[in-house]
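What follows is each chain in one-letter form.
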Amino acid sequence: MNIFSQLLPRIDLDKICGSIQKPSDELSQKARSLLREQFGDAEEELGRLAPLVLRWLDISGKLYPQAPKKSVIICCADHGVAEEGVSAYPQQTTLEMAKNYMLRNGAAANAFSAYAGASLLVADLGIAADTADIPDLFPLRIAAGTKNMTKGPAMTREQASASIKTGILLAHFLIDNGCDWILPGEMGIANTTASAAIAAVCCGKTPEEVTGRGTNISDTRLKKKIEVVRRALAVNQPNPNDALDILAKVGGFEFGCMAGLILGAASAKKAVILDGANCAAAALLAQKLAPESISYVFASHLGSEASHHHMLQQLGLQPFLHLDLRLSEAAGSAIAARIMEDFLAYWYTTQEKVPADIGWYDFCKILQQGEYCVLNLKEYAHYYDDKDDDLINAFTMSEQNVQLTDTTFDFYLDSMPDLDKNAMDVCRHRIDHLTKPIDSLGCLEQIACAIAGTSGIERPGKDTQRVLQIFSLREKLSLSLSLLLKSCGASAGFQIYFEQVNTEKSPAAAFDFGREEGEVAAALHPLLALGVDEASTEDAPGTMAAALRQTLLTADGELRYPADTFLKYVPEKYQHLVSALLGAIIAGAHNHGLILLDSDALKIIARYALQIAPEIRSYLLPVQPELVDLNLRLPGLTAACGMQIVLASLFMLNNMKTFEETKVSIATSGPGSVRQNQQHDKADTIQKQ
């Protein structure tokens with residue numbers, strides 16, 4: 001059943017595609033002028049984040065839009081090519097996952113839509129089974145799955161057209177109900193085989209170049225999958241200039257629907273945030289039908305599928321997250337949406353002319369007006385203090401000078417803690433058995449295990465305390481940066497400590513100050529981010545990093561000096577900041593804090609800290625460009641993006657459910673079959689330990 005079936009004949013696909021025009025850049029140009037007033041020369045130091053978000057202003061037609069309402073859409077459909085054995089999971093998994101979404105709420109899409117504050121709609125485009133008993137599953141069925149594309153077209157041209165038109169109508173339905181950002185995703189065993197074929201046709205690549213492991217299949221099955229794609233292309237000879245022909249020959253109903261979502265959103269001047277490779281394949285079809293529709297599309301991350309890079313390049317889209325994801329259930333797009341919203345929240349506050357000394361309560365009231373937060377002082381009680389309700393807590397070095405001895409360093413070096421391997425094993429065991437292909441959530445899985453190891457908590461909660469420490473020689477941050485970081489803190493739930501370093505004291509005193517502050521911060525907050533301000537208001541963001549790179553690293557990026565002497569080679573201008581940060585890193589790790597490194601300057605200092613205490617390596621999490629590639633230089637902003645990634649990881653760990661809990665089939669081959677079949681044996685082993 002397709003509830004839009006009677007409306008499909010009324011949709012003129014050519015007319016809709018012809019009506020899609022690139023949005024005007026009038027509002028973004030005006031916003032850029034205002035940003036220059038707020039950040040001055042530092043506007044460019046917002047990197048690619050500002051242009052990304054300002055594009056939404058042009059799309060929305062509003063200079064100060066309220067928080068966008070978001071919808072995660074999971075399009076489910078089966079593929080006849082699954083009979084060729086190209087997936088590590090049986091075809092029945094498509095049906096089981098549909099039940100997981102709707103009945104057990106234990107899938108990645110459930111977790112990440114909750115994290116993003118988005119509604120979740122799951123649609124049946126063509127599941128090869130009876131779905132009548134699944135409540136609230138959106139009925140958009142074209143047929144009970146496609147045919148085997150190695151033996152002929154996967155569907156008829158009429159079915160291809162119907163799937164795209166269905167997506168357009170679904171987009172309009174969502175938009176009529178208030179949706180601004182559509183985050184599409186899909187579920188369908190063998191659909192990465194279809195997307196590889198679409199990529200090969202649209203990008204002019206060979207099957208070897210675009211066929212990946214999908215559900216983390218074995219080497220043997222990957223070779224077979226490549227040959228299946230080759231046969232499908234040879235049998236069908238899809239026309240690379242005809243989107244409907246490509247979809248009909250090698251596609252799936254979910255790809256047509258997602259392409260339609262893009263066209264429908266573009267025609268209504270709303271945005272679509274892509275997730276993984278399958279979403280990109282759908283975008284290629286939309287691009288062929290209406291090239292300007294991609295003006296309304298954002299790319300979130302670069303996934304692990306072999307085709308993803310080629311497809312995003314063909315689309316002209318640049319992702320900014322690198323999380324090693326291989327799952328299109330809105331993980332990457334949800335994180336991207338939250339990061340973009342952080343900046344939008346700040347942008348919304350600028351129309352209010354917010355004072356520098358605004359407190360947490362009043363600041364949240366402004367954000368609440370724009371629907372960027374819910375004012376709940378009980379939930380965020382750790383922010384609020386009757387004596388000082390400023391979100392940014394300031395700390396200053398004491399007047400006392402300090403003499404450090406070898407005993408100080410020996411204490412840290414001799415008692416640096418090991419990771420809690422048992423907590424990590426328990427955490428990894430649960431992650432391996434969550435309803436997803438093995439290792440498919442990449443860095444999010446690694447981060448969750450790292451938090452378990454550093455904190456000693458087997459399943460760290462979403463409320464795990466978080467803090468951002470910014471070390472500076474100044475008395476306070478600029479108003480604009482302060483408001484921007486406050487917006488990020490309100491969104492990702494972290495406090496901000498402003499650490500003022502006193503240059504009238506010795507670098508040793510600065511080290512001791514950083515040591516004390518890092519120790520206290522990590523004791524209260526298992527998740528600790530470090531940032532550093534520039535030494536002077538005249539220095540452009542990035543100046544310190546450039547100076548440390550030139551002074552402390554060789555031309556090929558190696559450390560130039562031994563750890564016990566490098567401080568004397570640090571330019572005098574930065575000696576106090578470097579000393580304080582060195583102390584904060586060592587002490588923060590010593591107190592079991594997972595430390596997010598905000599900038600290149602922090603990473604250079606951390607490398608020298610590793611020479612002093614190699615054990616702290618497992619406590620360090622560099623963010624840019626390893627996880628986020630936005631070329632951000634303003635202090636704290638990269639760490640704030642990292643906090644969103646960490647928070648998403650905690651949602652994954654706590655909101656998703658296991659195969660056993662949801663009655664979803666485990667992998668039948670590849671690494672997943674080995675690790676997921678060992679569930680009970682592993683559980684017994686861990687319990688005995």
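For the structure itself, look to the data block above.
Note that the coordinates shown come from a computational prediction; the quantities given were computed from them, not determined experimentally.

A. View of the overall build of the protein chain. What the protein chain contains, in helices and strands, is 27 helices and twelve strands. In summary, the protein chain has a C-alpha radius of gyration of 26 Å against a globular reference of 26 Å for 689 residues, a match within 12%. Along the three orthogonal principal directions, the C-alpha set of the protein chain runs to about 80 × 60 × 50 Å. Within the protein chain, the fraction of its 689 residues that count as buried is 63%. Considering only contacts in the protein chain between residues 6 or more positions apart, those separated by 24 or more positions represent 79%. Accessible area for the protein chain stands at about 25500 Å²; split by element, carbon and sulfur atoms hold 47% of it.

B. Representation of the packing of aromatic side chains within the structure. Inspection of every chain in the model, using the stated rule, returns twelve aromatic pairs. Measuring from centroid to centroid gives 5.8 Å for phenylalanine 343 and tyrosine 346, while their planes differ by 55 degrees, and the two rings are tilted. Linking phenylalanine 343 with tyrosine 346, this pair stays in helix 14 (residues 331–350), spanning three residues, or about one helical turn. The pair phenylalanine 343 / tyrosine 346 is uniform in exposure class, with both members buried. Three or more aromatic residues joined by ring pairs make a cluster, and in this case those are Phe4, Phe138 and Phe173. Taking NZ or CZ as reference, arginine 55 lies 4.0 Å from the ring centre of phenylalanine 298, over its face.

C. Molecular detail of the sheet that holds strand 5 (residues 271–274). Read across the open sheet, the six strands follow the order 3-2-1-4-5-6; overall the sheet is parallel. Two strands in the sheet have a free side with no partner beyond their single neighbour: strand 3 (138–139) and strand 6 (297–299).

D. Molecular detail of the pairing of strand 11 (residues 594–597). Across the two faces of strand 11 the burial is the same, with Leu594 and Leu596 and Ile595 and Leu597 all buried. With four bridges connecting them, strand 10 (residues 527–532) and strand 11 associate as parallel partners. Bridge assignment links leucine 530 to a residue of strand 11, and that residue is leucine 597. In this sheet, strand 12 (residues 620–622) lies alongside strand 11 in parallel orientation, the contact comprising three bridges. Across the sheet, leucine 596 pairs through a bridge with leucine 621, a residue of strand 12.

E. Representation of the sheet that holds strand 9 (residues 495–500) in the model. Sheet architecture is open: six strands sit in the order 7-9-8-10-11-12, paired in parallel fashion. A single partner strand is all that each edge strand has here, and the edge strands are strand 7 (392–396) and strand 12. Pairs of neighbouring strands in the sheet enclose a mean axial angle of 25 degrees, with direction left out of account. Where strand 8 (residues 466–472) meets strand 10, six bridges bridge the pair, whose relative direction is parallel. Of the residues in strand 10, the one forming a bridge with isoleucine 470 is glycine 531.

F. Focus on the packing of helix 17 (residues 421–432) against helix 18 (residues 442–455). Running from N to C, helix 17 and helix 18 cross one another at 150 degrees; their axes reach a closest spacing of 8 Å. The angle between helix 17 and helix 18 falls in the class roughly antiparallel. Here the hand of the crossing between helix 17 and helix 18 comes out right-handed. For the pair helix 17 and helix 18, contact is made by Ala423, Met424, Cys427, Arg428 and Ile431 and by Glu445, Gln446, Ala448, Cys449, Ala452 and Gly453, respectively.

G. Structural view of the side chain of aspartate 275. Position of aspartate 275 among the secondary structure elements: in the loop between strand 5 and helix 12 (277–289). Although aspartate 275 is buried, it forms no salt bridge, and the closest oppositely charged side chain is arginine 326 at an N-O distance of 12 Å. A polar side-chain atom of aspartate 275 sits 3.0 Å from the main-chain amide nitrogen of serine 333.

H. Inspection of helix 23 (residues 600–612) at higher detail. Compared with the 18 Å implied by 1.5 Å per residue over 13 residues, the 19 Å span of helix 23 between its first and last C-alpha is a close match. Those residues of helix 23 that are buried are in contact with strand 10, helix 21 (543–552), helix 22 (575–590), strand 11 and strand 12.

I. Geometry of helix 19 (residues 479–492). Helix length check: helix 19 (14 residues) gives 20 Å between terminal C-alpha atoms against 20 Å at 1.5 Å per residue, within 8%. The element helix 19 is extensively covered by neighbouring structure, given that twelve of its 14 residues are classed as buried. Taken together, the buried positions of helix 19 are occupied by Ser480, Leu481, Ser482, Leu483, Leu484, Leu485, Lys486, Ser487, Cys488, Gly489, Ala490 and Ala492. Glycine 493 sits one or two residues past helix 19 and shows a positive phi near 70 degrees.

J. Up close: the packing of helix 7 (residues 191–203) against helix 13 (residues 308–315). Two elements in contact, helix 7 and helix 13, have axes whose closest approach is 10 Å; the angle formed by their N-to-C orientations is 45 degrees. Considered as vectors, helix 7 and helix 13 are oriented oblique to each other. As helix 7 runs across helix 13, the sense of the crossing is left-handed. Of the residues in helix 13, those in contact with Ser195, Ala199, Cys202 and Cys203 of helix 7 are His310, Met311 and Gln314.

K. Spotlight on unusual backbone geometry. With an omega of 5 degrees, the peptide bond between glutamine 624 and proline 625 qualifies as cis. In this fold, proline 625 is placed in the loop between strand 12 and helix 24 (637–655). Residue alanine 190 is not a glycine yet carries a positive backbone phi of 85 degrees. Topologically, alanine 190 is positioned in the loop between strand 4 (181–187) and helix 7. Non-glycine residue glutamine 237 carries a positive phi angle of around 45 degrees. The residue glutamine 237 is located in the loop between helix 9 (219–236) and helix 10 (243–250) in this model. Residue classification places glutamine 237 among the exposed residues on the basis of a relative accessible area of 58%.

Reading the values: rules and limits
Residues numbered from 1 in each chain as written. Predicted model: local features only at pLDDT ≥ 70, side-chain atom pairs only at ≥ 80, totals over all residues. Heavy atoms only, no water. Helix = DSSP H or I, 4+ residues; strand = E, 2+ residues; numbered from the N terminus. Rg over C-alpha atoms; globule rule 2.2 N^0.38 Å. Buried < 20%, exposed > 50% of the residue type's maximum accessible area, 1.4 Å probe, protein only. Contact = heavy atoms within 4.5 Å. Areas by Shrake-Rupley, 256 points an atom, 1.4 Å probe, with all protein chains shown as cover. Phe/Tyr/Trp six-rings, centres within 6.5 Å; stacked < 30°, edge-to-face > 60°. Lys NZ or Arg CZ within 6 Å of the ring centre and 35° of its normal. Pairing = 2+ DSSP bridges. Axes fitted to C-alpha atoms, helices over the stretch in contact; angles between N-to-C directions. Parallel < 35°, antiparallel > 145°, perpendicular 65-115°, else oblique. Left-handed = near helix turned anticlockwise from the far one by under 90°. Lys, Arg positive; Asp, Glu negative; His and termini not counted. Salt bridge = Lys/Arg side-chain N within 4 Å of Asp/Glu carboxyl O. Polar contact = N/O pair within 3.5 Å; in protein donor to acceptor, adjacent residues only side chain to side chain. Expected span 1.5 Å × (residues − 1).

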